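# Observations on the three-dimensional arrangement
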Amino acid sequence: MINTSKLPNTPTSIFTVMSALATEHGAINLGQGFPDFPMDEELAVLAAKAITDGHNQYAPMAGLPALRESIAAKIHHLYGRSVSAADEITITPGGSYAIYTAFTTILQPGDEVILFEPAYDSYIPNILVNKAVPVKLKLEFPEYKIDWNKLREAINDRTKAIIINTPNNPTGSILSDEDMQTLQSILSGTKIFLISDEVYEHLTFDGKAHHSVLKYPDLFQRSFVCFSFGKVYNCTGWKLGYCVAPKALSAEFRKIHQFDAFSCFTPTQVALAEHLKKPERYLSLAPFLQKKRDLFLENMQGSGFDFLPSSGSYFVCATYKRISNMAAYDLSVHLTKTIGVATIPVSSFYIHGHDDKVLRFCFAKKEDTLMEAASRLKKLAL
Ligand code: PMP
Ligand code: GLN
């Protein structure tokens, strides 16, 4: 009998709940963020070849050197920063693991971590497991912008770290260059760490740029910047990512990593080391997904949902006050069971269930899937 819990009040992740419900009811799954179209074929061939070529033993603890070299070259190309492949990049089993390991590297019991709600669902449990204290600031509906003055007010002697996420899940908002400069000036002269979740780095739309922490020297020297290959090459099931952090921080990060995963799946690292050398592969992702966003929005016209802007990520959010009074969670369940479309209630991205009556839709889906989902959802407005 288990009489102790590290997370006594933490429910099963909403992604697990909604995907299980979608499967049970044969619903179209616009909930959990994953593509329903095939991954990059060339990359799949390279991974299969890596297995048959015999790359099947442990990779080095920090990751395959050739992959870390390819990542360093990509960072230099995109963000103009020279990072050391040997000392500043660690390959991890996914982006969430990188974030969890970063928290575990720096947090002591009682430390405060500032985060912004709605927040990706792993952040608060990661903080609580480390016996630290989440300090939540609200991104006010419907703009979901960071109020930098509120951040200034929240910082105190116990503030150990801040976590940001751009492009943002679930809101689809992105941080501008001005936002990043402001954050840099707020943190300047402090010992506060920054964890930057940039798993959607290649998914910015309408000509907008991604402003990585890697572009800002005073931010980077205090940062763990976390990425995921799953989102870049449409292979979320690969669970491979990486953390970029200055040498001293990476050394501490690796102390935790070496006794957790130790190292990651070798064949996909071999494949990615090669594939990453083709920038056109990751640079074509944004226009490809933007087309899907636009197709979905076009087909949802007349649905009664009011869509909020999505400048990045796999997601677009909508309010539904014109068609239903239900709580977002209840409506998500209802739509899955009766209309046959699963979504994610944005209320689940607040630890205490704040509800602005917003649903999140994943548009990383085939055109047919999006059109069929839209036609089912439109029935609600009738
Ligand atoms: N951060 C955010 C904001 C995400 O949406 C996700 C889900 N892909 C992750 C982290 C985790 O990425 P991974 O699947 O590589 O662990
Ligand atoms: N990041 C994905 C989402 O937001 C889900 C990943 C997961 O299921 N943990 O939908």
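These notes cover the structure that comes with them. Quantities reported herein were computed from a predicted structural model and do not represent experimental measurements.

## Quick look at the overall build of the chain
Along the chain, the regular secondary structure elements total 15 helices and 13 strands. A compact globule built from 382 residues would reach a C-alpha radius of gyration of about 21 Å, and the chain, at 20 Å, matches this within 12%. If you line up the chain on its principal axes, its C-alpha atoms span 60 × 55 × 55 Å. By the burial criterion, 56% of the 382 residues in the chain qualify as buried. Excluding contacts between residues fewer than 6 apart, the proportion of contacts in the chain whose partners are at least 24 apart in sequence is 77%. When the accessible surface of the chain is split by element, carbon and sulfur atoms take 53% of a total near 16200 Å². Between the centroid of the 38 positive side chains of the chain and the centroid of its 39 negative side chains there is a distance of 2 Å.

## With respect to the site of ligand 2
All residues in the neighbourhood of ligand 2 are listed as Phe15, Gln32, Gly33, Tyr120, Asn169, Tyr200, Lys231, Phe315 and Arg360. Take Arg360: an N or O atom from its side chain is 2.7 Å from an oxygen atom of ligand 2. If ligand 2 stood free it would expose 290 Å²; the protein chains cover 77% of that surface.

## Some details on the sheet that holds strand 10 (residues 315-319)
One key point about sheets: their strands pair by backbone hydrogen bonds, in either a parallel or an antiparallel sense. The strand order across the open sheet built from 4 strands is 9-10-13-12, with neighbouring strands paired in antiparallel fashion. Only two strands of the sheet have a single partner each, and these edge strands are strand 9 (306-307) and strand 12 (344-345). Summarising the sheet, strand 9 and strand 10 pair through 2 bridges and their orientation is antiparallel. Bridge pairing in strand 10 places Asp306 opposite Thr319. Sitting on the sheet, helix 14 (residues 328-339) touches strand 12 and strand 13 (358-362), and the angle it makes with strand 13 is about 45°.

## Some remarks on helix 13 (residues 285-299)
For helix 13, built from 15 residues, the straight-helix expectation of 21 Å at 1.5 Å per residue is met to within 8% by its first-to-last C-alpha distance of 21 Å. Every buried residue of helix 13 is accounted for by Leu285, Ala286, Leu289, Lys292, Arg293, Leu295 and Phe296. Buried residues along helix 13 sit in contact with helix 9 (229-232), helix 12 (279-283), strand 9, strand 10, strand 13 and helix 15 (367-378).

## Some points on the sheet that holds strand 5 (residues 159-165)
An order of 2-8-7-6-5-3-4 is seen for the 7 strands of this open sheet, with the pairing classed as mixed. For this open sheet the edge positions go to strand 2 (89-92) and strand 4 (133-138), each flanked by a neighbour on one side alone. Across the sheet, the axes of successive neighbouring strands diverge by a mean angle of 20°, strand direction being ignored. Against the sheet, helix 4 (residues 95-106) makes contact with strand 2, strand 3 (112-117), strand 5, strand 6 (193-197), strand 7 (223-228) and strand 8 (241-244), and its axis sits at roughly 160° relative to strand 7, the strand it touches most. The strands touched by helix 10 (residues 247-257) are strand 2, strand 6, strand 7 and strand 8; relative to strand 2, the strand with the most contacts, the crossing angle is about 25°.

## Section: the side chain of Thr319
Counting through the fold element by element, Thr319 comes out in strand 10. A relative accessible area of 9% means that Thr319 is categorised as buried. Apart from residues lying up to four places away in sequence, Thr319 is in contact with Phe141, Gly304, Phe305, Asp306, Asp356, Lys357 and Val358.

## Description of the packing of helix 3 (residues 65-79) against helix 11 (residues 266-275)
Between helix 3 and helix 11, whose axes approach to 8 Å, the crossing angle comes to 35°. At the point where helix 3 passes helix 11, the crossing takes the left-handed sense. In contact with Ala66, Leu67 and Ser70 of helix 3, helix 11 contributes Gln269, Leu272 and Ala273. A per-class count over the contact of helix 3 with helix 11 returns 4 nonpolar, 2 polar and no charged.

Thresholds, definitions, all that
- Residues numbered from 1 in each chain as written.
- Chains lettered and ligands numbered in written order.
- Predicted model: local features only at pLDDT ≥ 70, side-chain atom pairs only at ≥ 80, totals over all residues.
- Heavy atoms only, no water.
- Helix = DSSP H or I, 4+ residues; strand = E, 2+ residues; numbered from the N terminus.
- Rg over C-alpha atoms; globule rule 2.2 N^0.38 Å.
- Buried < 20%, exposed > 50% of the residue type's maximum accessible area, 1.4 Å probe, protein only.
- Contact = heavy atoms within 4.5 Å.
- Areas by Shrake-Rupley, 256 points an atom, 1.4 Å probe, with all protein chains shown as cover.
- Lys, Arg positive; Asp, Glu negative; His and termini not counted.
- Charge placed at Lys NZ, Arg CZ, Asp CG, Glu CD.
- Near = heavy atom within 4 Å.
- Polar contact = N/O pair within 3.5 Å; in protein donor to acceptor, adjacent residues only side chain to side chain.
- Pairing = 2+ DSSP bridges.
- Axes fitted to C-alpha atoms, helices over the stretch in contact; angles between N-to-C directions.
- Expected span 1.5 Å × (residues − 1).
- Left-handed = near helix turned anticlockwise from the far one by under 90°.
- Nonpolar A, V, L, I, M, F, W, Y, C, P; charged D, E, K, R; others polar.

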